Amino acid sequence: MLQVVIVLLLVVSAVVAQVLQVRRDSTTEARNRSVAVAQTFANAPGTAAALQLPNPTTVLQPKAEAARKATGVDFIVVMNTDGIRYTHPKPGRIGKKFVGNIGPALAGGTVTEEVQGTIGQLVQAVVPVKDADGKVVGLVSAGITTAHVGGEANQQLPLLLTAAAAGLALATAGTALVSRRLLRQTHGLGPGEMTRMYEHHDAVLHSVREGVLIVGGDGRLMLANDEAQRLLDLPADAERRRVLDLGLDGGTAELIASGRVATDEVHLVKDRLLAVNQRPIEVRGGPPGSVTTLRDSTELRALSGRAEVARERLNMLYDAGVGIGTSLDVTRTAEELAELAVPRFADYATIDLYEAVLKGEEPKRGDALRRVAVSGIRKDAPLYPVGERFQFVPSSPQGRSLETGESVVEPRLRDAPGWRAQDVDLTGRILEFGIHSLITVPLRAGNLVLGLANFCRAEKLTPFDTEELALAEELVARAAVSIDNARRYTREHSMAVTLQRSLLPRRLPEQSALEIAYRYLPAQAGVGGDWFDVLPLSGARVALVVGDVVGHGLHAAATMGRLRTAVHNFAALDLPPDELLGLLDELVGRIDQDETPADTATITGATCLYAIYDPVSRRCTVARAGHPPPALRRPDGSVEFLDVPAAPPLGLGGLPFETAEWELPEGSSLVLYTDGLVEDRRRDIDEGLDLLAGALESAADATPDETCAAVLERLPARPDDDVALIVARTRALGADRVAEWRVPADPAAVSEVRSRVTRQLADWDLDELSFTTELILSELVTNAIRYGREPIGVRLLCDRTLICEVSDGSTTSPHLRYAASTDEGGRGLFLVAQMAERWGTRYTPAGKVIWAEQQLS
């Protein structure tokens, strides 16, 4: 590029010089020609005389034009001494004043000047015209444009420019060829890059940990890096000398000088064992010669043994990563650590944990330890057995480790007197057994010390060292994380189980309609949301409910508690099963809507079955929401699954719930269960239902409790899902314990009701309840006559309590209120509430029933 710029500069300079020279020559030529033409015309015969004529133009104009054309000037103007033109190439300008300096010419001199005329840049000359007496009688001006004068000179410029362009092209092409060849020879590197590459190569060559020698084809050493000079102990002037003259041993010198191919040939050079590799360099297009690399392999044999040991330790760490912590069980995780260490690392390994860790709690320093795992190459080692509870004395390695939280290695137990203080007899037997070296590592999880891991050697004679202590700490650190995870899981599982147990019924309520037994089995892992309940209702009826919340964990258990509470509240309203499930479905839907968008654990997926049994009519009404149907075992031993209309699980909405009703013979067994009983990963639900039916048929005459045991015998010990099972054998309330009458809508009929009630209570030996019962029925019947509609009925049930029921055909519900002192009425229900144990209202398809219960003395 520099060369091209120089050539271009020369060409431009030549052109500029030529142009300037042409301009200067053109101006000079124009001056000379215009002066000559003007003087010639001024001195021509007749010019001065013509100026004296009255009309000089008629004479001078033709002569001036003829002279102009003959001489090649652009104009010849003749004027008087006042500068008024007599001639001009353009006749229209005759008679006008001349443009230019005429002062010197009037004085007898000659004037030349460059002016910008109407025809362009020109040079004009003005000379005087004198008469015979030398008097100036007029003036003559001749002018010529510089373009006309320099036209010939300008014709030389194209030739000059053409030659300059050719020279520039040749210079550029030559420079490009030279540059391309230079770039090809330097591989595209510039001087700076070549210098930097050389510096880098030189730095790398002398920094590598391998010796490098370059030997020429004549056997002379061309280059040796610092490592090669150190390994071969070369003299300072080794380069440019023959390799055979450098004082090397014969075999090594002969190999390097020969230039033959060599791969990892081992040569002993003084006290070093060198691995030599050699390759020729001319095969790569370089000059003749060879390159030799030297590697010090003196420590190779020692390193190979250490590498094998390191590989085995890495394998142990890998096995620890995949083999320790396979379960969330604290004891099993400790056993996995002990089993991994024996016999690969130690001859005996023991794991001791604080008892709080086994319960999932955080340990406290100073508490007792319990041995949870022992592994050894022999079974008769005199060590604390599994389950033993003890404390280590502060002077023992274990005591120091627990106190400081640091690992302790005792290479020789016989030289550790503080260790003997733990138990002189036991430690003496341990030494006699042959155990001679010990490593104690605390099981640390963050700031918590969970226990100790002890590794002992007996048959391996080499004692533990600091490197093996580091391996033991790594193994224990991995196991400690898994043990702490298992501890946390144990704690959370215990909390979830406690929550679940607290939410399930602790005891069944007293009632006479059903003989009930139940079982609840938690899942193998996690805590589920299965639940059940038995709810006494008015009229001696009993409600059975079984539900299942999909999922496991605290959320499922808490959700189960919320649903169970809701069922309790809805059951208190004496609703039929379909209406109760409808309200429960709406509640679940609202709860799911109230969850924040980030909450993914909704209640959708909960199932429920609700059944009501009436011992008076022996009728059972059932409705279900996504739950398996109940099973019924009749007194004759036959088993069937009741065809209850199916409905979607709670929370989905959209479809109404339907009920089904059956009259059950006394002694029938109604079986309610969750899907964990009949369905798991090993079998589908149809097979599970068949197994359930077979178990019920095989226990035809069994009690409910025996039936539960017989059903659960066919399940695995730890099922995959929670199992809730209720077996309820029906009872009937005899006709002799029921009394009912129709009552006309006449206030006078109240007295008749009181009389019948008195006689009926006397038959039941309940005379002490006559007064309160008459008062209660009087108030209820009077309200039914006054505010209700026919038909009006009264029913007495003698069960665990005395139940008084008054029914009518209206659906209006009475409300308890407190009458003011001035009110004449409004105290009836208040008296009923005061005298009865409890009272309430339930609705029937024909109206409503107001009931009140009294405790039997």
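Refer to the structure above for everything that follows.
Worth saying up front: this structure is predicted, and the values here are computed from it rather than measured.

Caption draft 1: Up close: the overall build of the protein chain. Counting secondary structure elements, the protein chain contains 24 helices and 30 strands. Taking 857 residues into account, the globule formula puts the C-alpha radius of gyration at 29 Å, and the protein chain, at 62 Å, lies well above it. C-alpha extents for the protein chain along the principal axes are approximately 190 × 105 × 55 Å. Accessible surface computed for the protein chain: about 43300 Å², of which carbon and sulfur atoms make up 53%.

Caption draft 2: Structural detail: the sheet that holds strand S24 (residues 669-673). An order of S16-S25-S24-S21-S22 is seen for the five strands of this open sheet, with the pairing classed as antiparallel. Two strands in the sheet have a free side with no partner beyond their single neighbour: strand S16 (514-521) and strand S22 (639-641). Adjacent strand axes in the sheet meet at a mean angle of 20°, parallel and antiparallel pairs treated alike. Sitting on the sheet, helix H20 (residues 685-698) touches strand S21 (631-633), S22 and S24, and the angle it makes with S22 is about 145°.

Caption draft 3: View of the layout of surface pockets. The space that makes up the largest pocket amounts to roughly 990 Å³. The wall of the largest pocket is formed by 34 residues, among which Arg842, Tyr843, Thr844, Pro845 and Val849 lie closest to the centre. Secondary structure elements with two or more residues in the lining of the largest pocket: helix H19 (577-594), strand S19 (607-614), strand S20 (619-625), strand S26 (738-743), strand S27 (792-798), strand S28 (801-808), strand S29 (838-844) and strand S30 (847-855). In terms of residues, the lining of the largest pocket owes the most to one element, S28, which gives four residues. Here the lining of the largest pocket is composed, by residue class, of 12 nonpolar, eight polar and 14 charged.

Caption draft 4: Region of the structure containing the packing of aromatic side chains. Counted according to the given criterion, the structure contains six aromatic pairs. Measuring from centroid to centroid gives 5.5 Å for Phe345 and Phe455, while their planes differ by 80°, and the two rings are edge-to-face. Taken together, the residues span a long stretch of sequence, with Phe345 in the loop between helix H12 (330-341) and strand S10 (348-354) and Phe455 in strand S15 (residues 448-457) at a distance of 110 residues. Pairing Tyr518 with Phe532 gives two aromatic rings, centres 4.8 Å apart and planes at 40°, and the pair type is tilted. Taken together, the positions of Tyr518 in strand S16 and Phe532 in strand S17 (residues 528-536) put the pair 14 residues apart, joining distant regions of the chain. With relative accessibility at 27%, the residue Tyr518 sits in the partly exposed group. Cluster of aromatic residues (ring-pair linked, three or more members): Phe345, Phe455 and Phe464.

Caption draft 5: Highlighting the pairing of strand S14 (residues 437-445). Across the nine residues that make up S14, a large majority, eight, are buried. As paired elements, S14 and S15 share nine bridges and run antiparallel to each other. What sits directly across from Ile439, in S15, is Phe455. In this antiparallel pair of consecutive strands, S14 and S15, the connection spans two residues, and Gly446 shows a positive phi of 70°.

Cut-offs applied
Residues numbered from 1 in each chain as written. Predicted model: local features only at pLDDT ≥ 70, side-chain atom pairs only at ≥ 80, totals over all residues. Heavy atoms only, no water. Helix = DSSP H or I, 4+ residues; strand = E, 2+ residues; numbered from the N terminus. Rg over C-alpha atoms; globule rule 2.2 N^0.38 Å. Areas by Shrake-Rupley, 256 points an atom, 1.4 Å probe, with all protein chains shown as cover. Pairing = 2+ DSSP bridges. Axes fitted to C-alpha atoms, helices over the stretch in contact; angles between N-to-C directions. Contact = heavy atoms within 4.5 Å. 1 Å grid on protein atoms, 1.4 Å probe; cavity = no way out; pocket = protein on both sides within 12 Å on 5 of 7 lines; lining within 4 Å. Points joined across faces, edges and corners; volume = space filled by probe spheres on them. Nonpolar A, V, L, I, M, F, W, Y, C, P; charged D, E, K, R; others polar. Phe/Tyr/Trp six-rings, centres within 6.5 Å; stacked < 30°, edge-to-face > 60°. Buried < 20%, exposed > 50% of the residue type's maximum accessible area, 1.4 Å probe, protein only.

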